[in-house]
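One letter stands for each residue in the lines below.
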Amino acid sequence: MDLQITNYNNRFQIKGALNKLNLKTFDAHFSNVFDKLDSILLDIEQVHSIDRAGVMALAKLHNESISKSKQLSIIGIGCKELYQHFKTEETKQTVVSPRKVVAA
């Protein structure tokens, strides 16, 4: 399934796969979105797969919202790859001493 993006007011629903092959569609749809809107809501409930490029596109959108002091909300269970990406970022550990390990 190709990527489909629909919107009503400030709510954007994303359906299909968010991957390297259709990233241009995502980028074109959300380029300069924070110049027009103060807040957006992304519904990823119907995203069935996402690759590294898709995760990076969402991260880029997130960074843009922060740099422009705008609000970005992502809702929906979506696909497991996105949660696995952020879960692995949270569980990285740093060794402080040979006997002591703390979460980074």
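Every chain's residues receive numbers from 1 upward, in the order its sequence appears when written. With the structure being a predicted model, the display of local features is reserved for residues of pLDDT at least 70 and the display and counting of side-chain atom pairs for 80 or more, all residues being used for whole-chain, interface and lining totals. With hydrogens and water set aside, each side-chain value is computed from the structure's full complement of heavy atoms.

Asks: Before we move on, could you go through the packing of helix H1 (residues 23–30) against helix H3 (residues 52–67) and cite the residues and values that matter?
Replies: Interaxial angles span 0 to 180 degrees and are taken between N-to-C directions of axes, which are lines fitted to C-alpha atoms, for helices over the stretch in contact. In this description a helix means any DSSP run of H or I spanning at least four residues, a strand means any run of E spanning at least two, and both kinds are numbered starting from the N terminus. Relative to each other, H1 and H3 sit at 10 degrees, their axes nearing to 10 Å. Here H1 is positioned roughly parallel relative to H3, judged by the angle of their axes. The segment H1 lies against H3, with Leu23, Phe26, Asp27 and Phe30 engaging Ala53, Gly54, Ala57, Leu58 and Leu61. Put simply, Ala, Val, Leu, Ile, Met, Phe, Trp, Tyr, Cys and Pro go in the nonpolar bin, Asp, Glu, Lys and Arg in the charged bin, and everything else, Gly too, in the polar bin. Within the contact of H1 with H3, the residues separate by chemical class into 7 nonpolar, 1 polar and 1 charged. To sort the angles, those under 35 degrees are grouped as roughly parallel, those over 145 as roughly antiparallel, those from 65 to 115 as roughly perpendicular, and the leftovers as oblique. Note on contacts: a residue pair qualifies if any of its non-hydrogen atoms lie within 4.5 Å across the two residues.

Asks: If you had to explain the nonpolar core to someone new, which residues and values would you point to?
Replies: Judged by nonpolar contacts, the single largest core of 21 residues is most densely connected at Ile14, Phe26, Phe30, Ile40, Leu42 and Leu61. Those elements that place two or more of their residues in this core are strand S2 (11–18), H1, helix H2 (33–36), strand S3 (39–50) and H3. Per element, the largest residue contribution to this core is 5 residues, and it comes from S3. Those residues within four positions of Leu61 in sequence are excluded, and the remaining contacts are Phe26, Phe30, Val33, Phe34, Ile40, Leu42 and Leu72. What we call a nonpolar core is a set of buried Ala, Val, Leu, Ile, Met, Phe, Trp, Tyr and Cys residues that are connected through their side-chain atoms within 4.5 Å. Buried means the residue's accessible area, taken with a 1.4 Å probe over protein chains only, is under 20% of the maximum for its type, while exposed means over 50%, and partly exposed covers the values in between.

Asks: Please provide a residue-by-residue account of the pattern of salt bridges, values included.
Replies: The salt bridge criterion pairs a side-chain nitrogen of Lys or Arg with a carboxyl oxygen of Asp or Glu, the two atoms within 4 Å. By the definition in use, this model includes 4 salt bridges. In this structure, the salt-bridge partner of Asp35 is Lys68, at a minimum N-O distance of 2.9 Å. Here the residue Asp35 occupies a position in helix H2, and Lys68 occupies one in the loop between H3 and strand S4 (71–75), the gap between them amounting to 33 residues. On the accessibility criterion, Asp35 (54% relative accessible area) is exposed. For Asp38, the salt bridge identified is with Lys70, shortest N-O distance 2.7 Å.

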